Amino acid sequence: MSNPNIANLSTINGVTTYYNPAVTSAVVLVANPANSGHVYKINVINISNIDTSSNISTSIALYTNGSVAQGSAPSGGTAYPIASTIAVPASASLIVADKTTAIYLEEDKCISITSGTASGLTFSVSYEEISS
C-alpha cells in the first residue's frame, strides 16, 4: 500500500522522536520504509542549538529513499531541500515546519538532517503515523 486513503482511517498513532547527530554529514531523522502501509503527517520539526557560544548551520531535506534507520546516511535517491543552510543562533531553537506547513511522508521516503557542528544541534520531530 503506497499511499493510504486518509479519509478512511483505522489507526492514527502520535510519535515524537529526536536525534543529536555526532557527524556533519546528512543522516536520517525519520524514515517511512517501503511497504510500511503508512503515511506520516509531519506536525513539527524543531532544532535546538545546545552550543552556548556559536551559531550552527543546518539543512533539512526530503529524500526519495527512506529504507534506512534513524542516524544512518540516506542510502540513495534524491534530496529535496526543506531548509537549506540556515543558521540556528547559540542557545536558541528554530521551528522549521509546523502544522501550517503540512508535510506528508509517503512510503520509501525520509527526512534527512545535516548539522554544521557535530553534536551541536538536537532535532526533534512530532508526527502522526496513519494507516488504513
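Above this text sits the structure in question.
All figures in this text were calculated on a predicted structure; none of them were measured in a lab.

*Asks:* Looking at this model, I keep getting lost on unusual backbone geometry. Mind explaining?
*Replies:* Glycine aside, residues mostly have negative phi angles, and peptide bonds mostly take the trans form. Although it is not a glycine, Thr85 sits at a positive phi angle of roughly 50°. Tracing the chain through its elements places Thr85 in strand 5 (residues 79-88). The exposure class assigned to Thr85 is exposed, which follows from its relative accessible area of 58%. With a phi angle near 55°, Ser91 is a residue other than glycine that sits in the positive phi range.

*Asks:* Sorry, what's going on with the environment of Ile50 here?
*Replies:* You can see Ile50 is positioned in the loop between strand 3 (38-49) and strand 4 (56-63). Excluding residues within four positions of it along the chain, Ile50 makes contact with Asn20, Ser119, Gly120 and Thr122.

*Asks:* I tried to follow the sheet that holds strand 2 (residues 27-32) on my own but got confused; where do I start?
*Replies:* Hydrogen bonds between backbone atoms are what pair the strands of a sheet, whose relative direction is either parallel or antiparallel. Pairing within the open sheet is antiparallel, and its four strands lie in the order 2-8-4-5. One side of each edge strand has no neighbouring strand; the edge strands of this open sheet are strand 2 and strand 5. On average, each strand axis in the sheet is inclined to that of its neighbour by 15°, with strand direction left out of account. Relative to strand 8 (residues 109-115), strand 4 is paired through six bridges, and the arrangement is antiparallel. Bridging across to strand 8, Ser59 finds its partner in Thr114.

*Asks:* It is not clear to me how the nonpolar core should be interpreted in this structure. Could you clarify?
*Replies:* Among soluble globular proteins, nonpolar side chains are generally buried collectively. Of all hydrophobic cores here, the largest spans 21 residues; its most connected members are Val30, Ile42, Ile45 and Ile60. Residue assignment for this core shows that the elements contributing at least two residues are strand 2, strand 3, strand 4, strand 5, strand 6 (93-97), strand 7 (103-105), strand 8 and strand 9 (121-131). In this view, Ile42 contacts Val30, Ile103, Ile111, Val125, Ser126 and Tyr127; residues no more than four positions away in its chain are not counted. The next biggest cluster of nonpolar side chains, apart from the first, holds five residues, and it includes Val28, Ala31, Tyr63 and Val68.

*Asks:* How should the pairing of strand 4 be read in this particular structure?
*Replies:* Along any regular strand, the residues point their side chains to alternate faces of the sheet. Strand direction decides the pairing type here: strand 4 and strand 5, joined by seven bridges, are antiparallel. What sits directly across from Ile60, in strand 5, is Ala83.

Rules used throughout
- Residues numbered from 1 in each chain as written.
- Predicted model: local features only at pLDDT ≥ 70, side-chain atom pairs only at ≥ 80, totals over all residues.
- Heavy atoms only, no water.
- Helix = DSSP H or I, 4+ residues; strand = E, 2+ residues; numbered from the N terminus.
- Buried < 20%, exposed > 50% of the residue type's maximum accessible area, 1.4 Å probe, protein only.
- Contact = heavy atoms within 4.5 Å.
- Pairing = 2+ DSSP bridges.
- Axes fitted to C-alpha atoms, helices over the stretch in contact; angles between N-to-C directions.
- Core = buried A, V, L, I, M, F, W, Y, C linked by side-chain atoms within 4.5 Å.

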